[in-house]
Amino acid sequence: MHCTKKIADDLIWVGANDRRLAMFEGVYHVPGGVSYNSYLLTDEKTVLFDTVDKAVRQRFIENLTEALNGRTLDYLVVQHMEPDHSAALIELAGRYPGMTIVCNAKTLGFIKQFHDADIDSRVHIVKEGDTLNTGRHVLRFFMAPMVHWPEVMVTYDSTDKILFSADAFGCFGALNGALFADEVDFAKDYMDEARRYYSNIVGKYGTQAKALLEKASALEINMICPLHGFVWRKELQSILSKYIQWSNYAPEENGVMIAYASVYGNTENAAEILACRLRGKGIKTVMFDVSVTPASEIVASAFRWSHLVFASTTYNAGIFVTMEALIHDLISHNIQNRTVAVIENGSWAATSGGLIRDKLKACKNISFIDNMLSIKSSLKKEQLTEIDLIADALIASFPPLFQNAQGNRPNGSAVLNTIDSNTMFKLSYGLFVLSAKDGGKDNGCIINTVMQITEKPLRITVAVNKTNLTHDMVIKTGEFNLSVLTESVPFSTFERFGFVSGRDADKFEGYGDHARTANGAQYLPEHINAVISAKVTGVHDCGTHSLFVADVTQAFSLSDEPSATYQYYFDNIKPKPQLPKGAAKGFVCKICAYVYEGNALPEDYICPLCKHGAEDFEPV
Ligand code: FEO
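Now for a description of the structure that goes with this document. Given the structure is predicted, the values throughout are model-derived calculations rather than measurements. (Residues numbered from 1 in each chain as written. Predicted model: local features only at pLDDT ≥ 70, side-chain atom pairs only at ≥ 80, totals over all residues. Heavy atoms only, no water.)

1. Let's talk about helix α16 (residues 491-498)
Restricting attention to buried positions, one finds in α16 the residues F491, T493, F494 and F497. On an axial view of α16, the arc spanned by its buried residues comes to 150°, and they lie on one face. Looking at the buried side of α16, the elements it contacts are β24 (432-438), β25 (441-447), β28 (479-485) and α17 (566-573). (Buried < 20%, exposed > 50% of the residue type's maximum accessible area, 1.4 Å probe, protein only. Helix = DSSP H or I, 4+ residues; strand = E, 2+ residues; numbered from the N terminus. Arc of directions from axis to C-beta. Contact = heavy atoms within 4.5 Å.)

Structure (structure tokens):
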């Protein structure tokens, strides 16, 4: 019996799930199963995007037949020729003699490699940017080589603004009755599997994944339909921002992943003690026994965490076999931009530590902790100091942490249980334009959270809302400028940089091109007293915002005019709210001064200007 899912009026999911597969591609365990997605567009012409794996062929044929509802299949778009998406290709060509196979030239070569069928007369070859009109829809094709095979292409439905993304944005795990990412708790239940999928399947090809993201950034996308996992129709930014981090090999979180290989438990013991030392100093740690945990999980974890520790016994005068396989895997997947510490063990000739370091030198931008602990059979008491030194060196390489202050807490539950968000306005905030440059695009946004953390090196933190285009540009380029706004700044600057999106407007329009720093990004030519350029050294995920830790690369003052504070903005810059003539009652947004007319403000109201919620409105 068919089991299809309607995605839009004329788009139907006709894929299937497999929960019996032990090893995806023969190497990646999939305890939660896997979905093979296929999508049927029922326009004036019918169009199928890819097929499925042979394991679920029968269900797929039932689904497709039902979704076609007696119609024939006009086009099969082959975005990815890997057999888990093309097992039914030849069968469909036989079932639907009028069906045209839409693919690129490389795909055609692969079809002929896998099959002996004579299909040349059935094929319509497309190139980058070519379009296919199917009636109401216009499909545009973009090449995405090496995401994950060289022939991969993606399709953009420019009518409904849907990206059929092939392997990109895919995820391990069967769909279990859902289809959309917003139907499940994706962050909690599936993000780990999305990371494991990306890092192991596409991880090696960060440059190529970035090229695809670049193409996607020029498109208005309402929905993403990948070949595995969930369809994205809401909060696309949450998966896009992960892809930006992963493809840049940027750690998602500050913390230490410790992977150890231990025959009799003594190497494990040293790793455990190091983990305890780090935890004791407030550092997040995760640990894996590489002989037990599947390598794909450890590779995914290495993509997540900023610091990696490898602890291995020596075996046959080399690295222990499971650790050697892991190191090989990590190098193959192009791991880079990490800080690494090493522990070795050897009862008579310890070599594993030096060999691990030598191998990892092949990776880009790996910083090694100088101290390497070498154990002879088992850790001795006097070596605890060496573990402390490694822990201290690891900690010293982290961006400074905010520790929870102890003591000085007010007494009384009434005080402790109350959170008045207005209390935050008592903090002294400055106001800044954060700007970045990505290729030919300049953009900027208003922020109020810049803080100097250390003097040597001169290091700052900046919190930026993830919905801002500037956020994505900083993630991608790793560099930004801060223009420090002064008290003379007019409200129009906040309208320009705070109330419109850089996706819709050129925020620097009319400023000319003379105000740039060495990193190439613009700064404001007026109403500022200083400019700071910085390079990102770490990113901390804070839910709605990313906290960037960055080293200052350039800084200069322009005037002695006082900086505008948040309080000054409220008292002197933000227009006083006024009800329009004739309006009896209204509510004003405390952030941007937008006035809502009406007797009652809906609970779920969102300010159309600055996107803050009803909690930031007050009666006029
Ligand atoms: Fe699911 Fe690269 O194929």
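Anyway, onward from the coordinates.
2. Some points on the sheet that holds strand β7 (residues 39-42)
The strand order across the open sheet formed by seven strands is β1-β2-β7-β8-β9-β10-β11, and the pairing between neighbours is mixed. One side of each edge strand has no neighbouring strand; the edge strands of this open sheet are β1 (5-8) and β11 (123-125). Pairwise comparison of adjacent strand axes, ignoring direction, gives a mean angle of 25° for this sheet. In the sheet, β1 pairs with strand β2 (residues 11-13) via three bridges, with the strands oriented antiparallel. Residue pairing across strands places K5 opposite W13, the latter belonging to β2. Along the sheet, helix α4 (residues 105-114) makes contact with β10 (100-103) and β11, crossing β10 at roughly 120°. (Pairing = 2+ DSSP bridges. Axes fitted to C-alpha atoms, helices over the stretch in contact; angles between N-to-C directions.)

3. Notes on the packing of aromatic side chains
A complete count under the given rule lists 30 aromatic pairs for this structure. Seen from their ring centres, F114 and W149 are 6.2 Å apart, and the 15° between their planes marks the pair as stacked. Highlighted residues: F114 in helix α4 and W149 in the loop between β13 (138-143) and β14 (153-157), separated in sequence by 35 residues. Between Y190 and F230, the ring centres sit 4.7 Å apart and the planes meet at 75°, which makes this aromatic pair edge-to-face. Of this pair, Y190 sits in the loop between α5 (186-189) and α6 (191-202) while F230 is found in the loop between β16 (223-225) and α8 (236-247), placing the two residues 40 residues apart along the sequence. By the ring-pair criterion, three or more aromatic residues cluster together here, those being F169, Y198, Y243, W246, Y249 and F303. The aromatic ring of F180 is capped on one face by R233, whose charged end is 3.7 Å from the ring centroid. (Phe/Tyr/Trp six-rings, centres within 6.5 Å; stacked < 30°, edge-to-face > 60°. Lys NZ or Arg CZ within 6 Å of the ring centre and 35° of its normal.)

4. Considerations on the sheet that holds strand β33 (residues 617-619)
If you walk across this open sheet you meet the three strands as β32-β31-β33, and the pairing is antiparallel. Here the strands that pair on one side only, and so sit at the sheet edges, are β32 (595-597) and β33. The sheet shows a mean angle of 30° between the axes of neighbouring strands, taken without regard to direction. Here strand β31 (residues 586-589) runs beside β33; their pairing, made up of three bridges, is antiparallel.

5. Let's talk about a nonpolar patch on the surface
Among the surface-exposed residues, V263, Y264, Y315 and V321 lie close enough to one another that they form a single nonpolar patch of about 460 Å² accessible area. With respect to the helices and strands, Y264 occurs in the loop between β17 (253-261) and α9 (266-280). Judged by its relative accessible area of 76%, Y264 is exposed. (Patch = residues over 30% accessible without salt bridge, like charges linked within 9 Å, V, L, I, M, F, W, Y side chains within 5 Å. Areas by Shrake-Rupley, 256 points an atom, 1.4 Å probe, with all protein chains shown as cover. Salt bridge = Lys/Arg side-chain N within 4 Å of Asp/Glu carboxyl O.)

6. Here we look at the environment of L219
The residue L219 is located in the loop between α7 (206-217) and β16 in this model. Taking the C-alpha atoms as reference, L219 lies 34 Å from H2; in sequence the two are 217 residues apart. Those residues within four positions of L219 in sequence are excluded, and the remaining contacts are F142 and Y156.

7. A look at the packing of α8 against helix α15 (residues 469-477)
Remark: α8 packs on α15, axes separated minimally by 9 Å, with the N-to-C direction vectors making an angle of 20°. Relative to α15, α8 is oriented roughly parallel. Both α8 and α15 take part in a crossing whose hand is right-handed. Contact residues: α8 offers Q237, S241, I244 and Q245, while α15 offers H471, D472, I475 and K476. Considered class by class, the residues forming the contact of α8 with α15 number two nonpolar, four polar and two charged. (Parallel < 35°, antiparallel > 145°, perpendicular 65-115°, else oblique. Left-handed = near helix turned anticlockwise from the far one by under 90°. Nonpolar A, V, L, I, M, F, W, Y, C, P; charged D, E, K, R; others polar.)

8. Side note on the pairing of strand β26 (residues 450-454)
Strand direction decides the pairing type here: β26 and strand β27 (residues 459-465), joined by four bridges, are antiparallel. The residue of β27 that forms the bridge with Q452 is I460. Connecting β26 to the next strand, β27, in antiparallel fashion are four residues.

9. Re the side chain of N104
On the secondary structure map, N104 appears in the loop between β10 and α4. In terms of polar contacts, N104 uses its side chain to reach the backbone amide nitrogen of K106, at 3.1 Å. The contacts of N104, once residues within four sequence positions are left out, are I125, V126, M143, E151 and M153. (Polar contact = N/O pair within 3.5 Å; in protein donor to acceptor, adjacent residues only side chain to side chain.)

10. Re the layout of surface pockets
Approximately 830 Å³ is the volume attributed to the second largest pocket. The wall of the second largest pocket is formed by 37 residues, among which P251, N337, N365, V536 and T537 lie closest to the centre. Among the elements of the structure, α7, α8, β19 (305-315), β21 (338-345), α15 and β29 (528-542) are those that each provide at least two residues to the lining of the second largest pocket. Here the element with the most residues in the lining of the second largest pocket is β29; it accounts for five residues. When its residues are assigned to classes, the lining of the second largest pocket shows 10 nonpolar, 20 polar and seven charged. (1 Å grid on protein atoms, 1.4 Å probe; cavity = no way out; pocket = protein on both sides within 12 Å on 5 of 7 lines; lining within 4 Å. Points joined across faces, edges and corners; volume = space filled by probe spheres on them.)

11. Here's the deal with the nonpolar core
Note on soluble globular proteins: their nonpolar side chains tend to be buried together. Counting 143 residues, the largest nonpolar core has L92, F186, F310 and M323 as its most contacted members. Discounting chain neighbours no more than four positions away, the residues touching M323 are A259, Y260, A261, V290, F310, A311, S312 and I356. (Core = buried A, V, L, I, M, F, W, Y, C linked by side-chain atoms within 4.5 Å.)

12. Considering the side chain of H471
One can find H471 in helix α15. Among the polar contacts listed, one links the side chain of H471 to the side chain of D472, at a separation of 2.9 Å. Not counting the four nearest positions on each side in its chain, H471 is found in contact with S241, V464, N465, K466, S546 and F548.

13. So, the environment of T449
The residue T449 is located in the loop between β25 and β26 in this model. As for T449 and G613, which are separated by 164 residues in sequence, their C-alpha atoms are 19 Å apart. Setting aside chain neighbours within four positions, we find T449 in contact with Y429, T461, V462 and A463. At 3.2 Å, the side chain of T449 forms a polar contact with the backbone oxygen of A463.

14. What about the pattern of salt bridges?
Enumeration over the complete set of coordinates arrives at 31 salt bridges. Across the pair R304 and D192 runs a salt bridge, and its minimum N-O distance is 3.6 Å. You can see R304 sitting in helix α10 (residues 295-304) and its partner D192 sitting in helix α6, a full 112 residues away along the chain. K535 serves as the salt-bridge partner of E479, at 3.9 Å between the closest nitrogen and oxygen. Taken as a pair, E479 in strand β28 and K535 in strand β29 lie far apart in primary sequence, 56 residues in all.

15. Focus on the environment of K281
Here K281 shows up in the loop between α9 and β18 (285-289). Along the primary structure K281 and V34 are separated by 247 residues, whereas in three dimensions their C-alpha atoms are 39 Å apart. Within polar-contact distance, the side chain of K281 engages the side chain of D392 at 3.2 Å.

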